[in-house]
Amino acid sequence: MRYWLMKSEPDEASIDHLANAAHRTLPWTGVRNYQARNFMRDGMQIGDGVLFYHSSCPEPGIAGLAEVASTAYPDPTQFDSKSPYYDPKSSQETPRWLLVDVVFKKKIPLIPLAALREHEELKDMRVLARGNRLSITPVTEAEWRFITTRLV
DNA sequence: GCCAACGTTGGC
DNA sequence: GCCAACGTTGGC
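What counts and what doesn't
- Along every chain, residues carry numbers that run from 1 in the direction the sequence is written.
- Lettering of chains starts at A and numbering of ligands starts at 1, both following the order in which they are written.
- Selection of residues for local features in this predicted model requires a pLDDT of at least 70, selection of side-chain atom pairs for listing and counting requires 80 or more, and totals for whole chains, interfaces and linings are taken over all residues.
- The basis for the side-chain values is all heavy atoms of the structure; hydrogens and waters are excluded.
- For salt bridges, the criterion is a side-chain nitrogen of Lys or Arg within 4 Å of an Asp or Glu carboxyl oxygen.
- Here the term buried applies to any residue with accessible area under 20% of the maximum for its type, exposed to any over 50%, and partly exposed to those in between, with areas from a 1.4 Å probe on protein chains only.
- Only protein atoms enter the 1 Å grid used here, on which a cavity is any set of points holding a 1.4 Å probe that cannot leave and a pocket is any open set flanked by protein within 12 Å on both sides along at least five of seven lines; residues with an atom within 4 Å of a point are listed as lining.
- Grid points are joined across faces, edges and corners, and a volume is the space filled by probe spheres set on the points.
- Strands here are runs of E lasting at least two residues and helices are runs of H or I lasting at least four, both read from the DSSP assignment and numbered beginning at the N terminus.
- Note on residue categories: nonpolar means Ala, Val, Leu, Ile, Met, Phe, Trp, Tyr, Cys or Pro, charged means Asp, Glu, Lys or Arg, and polar means any other residue, Gly included.

A word on the pattern of salt bridges. Within the structure shown, the criterion is met by seven salt bridges. Across the pair aspartate 42 and arginine 41 runs a salt bridge, and its minimum N-O distance is 2.8 Å. Classification of aspartate 42 by relative accessible area gives exposed; the value is 51%. On the accessibility criterion, arginine 41 (41% relative accessible area) is partly exposed. As a salt-bridge pair, lysine 123 and aspartate 124 come within 3.5 Å of each other at their nearest N and O atoms. Of the two residues examined, lysine 123 and aspartate 124, each falls in the exposed class.

Below, the discussion takes up the layout of surface pockets. For the largest pocket, the calculated volume is near 480 Å³. Lining the largest pocket are 19 residues; nearest its centre among them are Lys7, Ser8, Glu9, Thr29 and Tyr85. Elements that contribute at least two residues to the lining of the largest pocket include exactly β1 (3-8) and β2 (25-27). Its residues assigned to classes, the lining of the largest pocket comprises seven nonpolar, seven polar and five charged.

Structure, rendered in structure tokens:
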């Protein structure tokens with residue numbers, strides 16, 4: 001059992017979109033970074049905990065809790081020439097990009113980025129690291145426990 | 001809109 | 001394989 005933080009732009013897919021999706025589940029489309037892909041492919045298992053983070057928005061921060069709901073499989077948007085996530089260099093035979101399904105668990109009062117930075121216990125969180133741009137980052141069990149018991 | 005930081009691309 | 005140029009991310 002591992003823990004992750006996954007960034008999403010709320011205009012595209014917010015915690016409310018997830019809560020209202022069929023089966024409260026969405027495929028995590030659009031990851032086009034190898035490190036993030038590898039976390040999904042090599043690190044994630046069904047049932048892993050997910051901190052659902054809103055990014056590139058007026059109030060960035062953790063907006064809810066979710067769970068990994070599938071193992072990794074090819075992201076269909078890479079094959080769709082009309083999609084902004086289309087990748088002409090990928091092929092059905094050797095898909096370059098993968099995704100996992102994510103299922104809603106709980107909406108929480110937003111924990112703003114600035115609030116995360118206030119806690120000594122969270123100072124090493126990958127998402128808070130200088131210059132971090134990864135859309136998926138591992139979360140330690142201690143960080144997960146602190147956030148879900150103290151900040152939620 | 002700015003800009004720091006980082007990943008990717010492509011010429012050599 | 002190096003590395004400069006470029007594009008993207010994402011907070012502010």
